[in-house]
Amino acid sequence: MVCHRSEGAPPPTKPGEPGSNTTPRPGSNTNPSNTTRGQKKKSHRPMVSLTEETIGMGLHRRLTEDKQYDEILPKLDPKYTKVKEKDCVYFRGDLKVTVKGASNLPNADGRNIKAKFDNLMRPKKNKDLSDPYVNVCIDDIKILQTKVIKDELDPVWNETFDTEVSHEGTKMFFWVWDDDVIGKEKLGHASINLKDIIHKKVIKQKLDLFTPFKNVKPTLDVEIEFEPVSEAVGEFEVTRSYFPLRHSGEVTLYQDACCLPSPAHQHISVNGSPFTARSAWDDIAHSIEKAQKFIYFTGWSMTHDIRLRRDSLDSQKTKSYPILGEILKQKANEGVNVLILLWDEPFNNEEMTMAGVVGTNDEITRNYFANTKVKCVLAARKKNTRGMLETLVSNTSFSHHQKIVVCDDADASCGTVGYIGGLDLTVGRYDDQIHSLFQSNLNQHQDDFYQTFPGINNGSQGPRQPWHDVHARVTGEAALDIITNFTERWRIEAPAEDVFSPLRIVPAMLLSQPTTFHTPLTHSQFMDTCLADLPAEDKDESRWKIQLFRSIPIDSAQFDETKMNCLQSKHGRTYEASIHRAYVRAVRNSDSFIYIENQYFLGSAHTWYEKGSHQLDVMQNYLKDVKFLK
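Residues numbered from 1 in each chain as written. Predicted model: local features only at pLDDT ≥ 70, side-chain atom pairs only at ≥ 80, totals over all residues. Heavy atoms only, no water.

This part covers the overall build of the protein. Looking only at helices and strands, one finds 14 helices and 22 strands in the protein. Residue burial in the protein is summarised as follows: out of 630 residues, 49% are buried. Split by element, the accessible area of the protein, about 32,100 Å² in all, is 52% carbon and sulfur. (Helix = DSSP H or I, 4+ residues; strand = E, 2+ residues; numbered from the N terminus. Buried < 20%, exposed > 50% of the residue type's maximum accessible area, 1.4 Å probe, protein only. Areas by Shrake-Rupley, 256 points an atom, 1.4 Å probe, with all protein chains shown as cover.)

Following this line, the structure appears as structure tokens:
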């Protein structure tokens, strides 16, 4: 989530230099002086001439034999290096690619043993046709991928991709592949010079595909639109995002679960009033106790026996506060609809360990709320992929990571308050800016000791693990967007519990006149209904401007069909990546400084020697620095 309060390219490196794409392999002879005079320098691999075909062959090897053939042809051919230095450009901006369809593709099925094995493992209605899909690459870096179309030599994809690019390269390649159970087979490829894309801005073209098959002339129909960074409008709003910029409500930012009064706060004023630090868990506890209609939770982990309210280090009264689980059961008994959606850790069950390998305690939490009016659902991280092994690895290696509490509040803008950020309501997360390692074990953390180091199980054996994170309190339209996020996840990940459909009932809770909806509402209808009687002061342009971002696939959320144009696709799987777009936009719009603090930092992996992910954050920072240095 990003919020705002309203107040009134360098030259390419030479081969062998740091950052060069032509860094020699370990152990290779790169010093000409080591070669005997008159003796030809030995090559570790044969040199070949530069042609469209040979470049394609080199990239083909890179894409199909990553570890076995880890240097693509351009790195082997000195001629290509010279061409790249001359024709290479910085391709920075917003890219829109539409892969419409292909014609006269070659048939790769049934022509060899591998294809026959594929037919046996994956029976088809027609076993002798290719299963094509398209990869779009900038040189050898894949940026886009279409879905697979089964048994078709004239496929129609009509897939449009919107993405940010910050790459150094010469050409945009379109690779057409035949999907197999084991690996893939090249059907053909074509390319367009990046200089032409930058110059023309819009390209609509039917490309002739170079193919290793004989007696066929395949084509690929594509459209490309490109807007350079230099021409992009530096707006604060992240456009083409699932949730738009909201102009009502307020934001409170928190550091850690508790923020103690500090002498530094004495010099801060807000609208002429002295600044008072607020504590995230205190405010969350207050909102939960105040709720009359609904309380929704999502989290990586939630522990029922933690206490949100605690006293200072010199107090022994912490145990006098109720635990979170008892508060929620009491609210549910009062008629408040309490829904909890937690990640289902795959290695967490009665046969293995109830606490879980990574300590989520999800089974313990679900058992605690069993046979109560609180509905607690464990949701596995689903990813339906083409391969069983890939699906298994994804479902066991990745988790849900949203940390949200949202509930009704009659005194808040739009009648809703949401808490969102990095703090789970679980063991070990309560901390303040002092980050005490020993003293708090006697009171604040007496029943909440957390340490992952082996052999340290309580405060008498060693220090506790401190915890630092940020969180936010949101009201107004953005809080309704948080409800929408919860609803979309609940409908996918808790279908058996959909006797209560949050999106149909929330408007009746927020409006003074009860309303019943017999059919699900779209997001726009939901917002229109909730905001019908919004007071004029809540539409004041001088208030906070808030926009909600997330990263989530269609396997985990039931997207609004009217907003599909704001989503992206990879290999036929729809997903939202607005948070990545927001990071890139924030860096591009920066004028004075860039500050990044995160638990994990992975960016611009497309520039690494080994295969990585399509993240642009670090590259954007690098190019931003270069801009200032010029």
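We are not done yet, so read on.
This paragraph deals with unusual backbone geometry. At D151, a residue that is not glycine, the phi angle is positive and equals roughly 50°. Topologically, D151 is positioned in the loop between β4 (141–145) and β5 (156–169). By relative accessible area, D151 is classed as buried at 17%. Phi at D256 is positive, roughly 65°, even though this residue is not glycine. For D256, the location among the structural elements is in the loop between β10 (251–255) and β11 (269–270). What makes D256 buried here is its relative accessible area of 1%.

It is worth spelling out a nonpolar patch on the surface at this point. Residues I268, V270 and F275 make up a contiguous nonpolar surface patch of roughly 230 Å² in combined accessible area. The partly exposed category is assigned to I268, whose relative accessible area is 39%. (Patch = residues over 30% accessible without salt bridge, like charges linked within 9 Å, V, L, I, M, F, W, Y side chains within 5 Å. Salt bridge = Lys/Arg side-chain N within 4 Å of Asp/Glu carboxyl O.)

The subject of this paragraph is the confidence of the model for the protein. Chain-level pLDDT for the protein is 76 on average; 67% of the residues reach the 70-or-more range. Taken element by element, the protein is modelled with least confidence in helix α1 (residues 52–64), mean pLDDT 36, and with most confidence in helix α7 (residues 324–333), mean pLDDT 97. Note that residues 4–83 has pLDDT below 50 and, in this model, 117 contacts with residues that lie over four places away or in other chains. Low pLDDT (under 50) marks residues 499–520, which in the prediction has 45 contacts with non-local residues, meaning those over four places away or in another chain. (pLDDT = per-residue confidence, 0-100. Contact = heavy atoms within 4.5 Å.)

Across all of its chains, the model carries 22 salt bridges by this definition. In this structure, R588 engages D94 in a salt bridge whose closest nitrogen and oxygen atoms are separated by 3.0 Å. One end of the pair, R588, is in helix α13 (residues 578–589); the other, D94, is in strand β2 (residues 89–103), with 494 residues separating them in the sequence. Residue R588 shares its accessibility class with D94, and that shared class is buried.

One open sheet holds the 4 strands; their spatial order is β5-β2-β9-β8, and the pairing between them is antiparallel. The open sheet has two edge strands with one neighbour each: β5 and β8 (202–208). Averaged over all pairs of adjacent strands, the angle between strand axes in this sheet comes to 25°, irrespective of strand direction. With 12 bridges joining them, β2 and β5 adopt antiparallel strand pairing. (Pairing = 2+ DSSP bridges. Axes fitted to C-alpha atoms, helices over the stretch in contact; angles between N-to-C directions.)

Residues that lie three or four places apart on an α-helix share one face, since the helix turns once every 3.6 residues. Along α7, the residues that are buried comprise L324, G325, I327, L328, K331 and A332. Down the axis of α7, the buried set is contained in an arc of 160°. They therefore lie on one face. Close packing links the buried residues of α7 with α6 (280–290), β13 (294–299), β14 (337–343) and α8 (362–369). G335, located one to two residues past α7, shows a positive phi value of around 105°. (Arc of directions from axis to C-beta.)

Time to look at the sheet that holds strand β18 (residues 470–475). One open sheet holds the 7 strands; their spatial order is β10-β18-β17-β16-β13-β14-β15, and the pairing between them is mixed. Of all the strands in the sheet, just β10 and β15 (375–379) have a single pairing partner and so form its edges. Averaged over all pairs of adjacent strands, the angle between their axes in this sheet comes to 10°, without regard to strand direction. As paired elements, β10 and β18 share 5 bridges and run antiparallel to each other. Each bridged residue has a counterpart across the sheet, and for L253 the counterpart in β18 is A472. Of the strands in this sheet, β13 and β14 are in contact with α7, which crosses β14 at around 140°. Relative to the sheet, helix α10 (residues 477–493) contacts β13, β14, β15, β16 (404–408), β17 (416–421) and β18, its axis offset from that of β14 by approximately 65°.

Let us look at the packing of α6 against α7. At a closest axis distance of 10 Å, the pairing of α6 and α7 adopts a crossing angle of 25°. By the criterion of interaxial angle, the relationship of α6 to α7 is roughly parallel. Packed against α6, whose contacting residues are I288, E289 and K290, the element α7 presents L324, I327, L328 and K331 at the interface. Taken together, the residues that form the contact of α6 with α7 break down as 4 nonpolar, no polar and 3 charged. (Parallel < 35°, antiparallel > 145°, perpendicular 65-115°, else oblique. Nonpolar A, V, L, I, M, F, W, Y, C, P; charged D, E, K, R; others polar.)

With that out of the way, let us pick up the side chain of T98. Within the fold, T98 resides in strand β2. When residues no more than four places from it in sequence are discounted, the contact partners of T98 are E159, T160, D221, V222 and E223.

Right, let's talk about the environment of H580 for a bit. If you trace the backbone, H580 turns up in helix α13. Classification of H580 by relative accessible area gives buried; the value is 13%. Each C-alpha atom, one on H580 and one on S551, is 7.8 Å from the other, the two residues being 29 residues apart in sequence.

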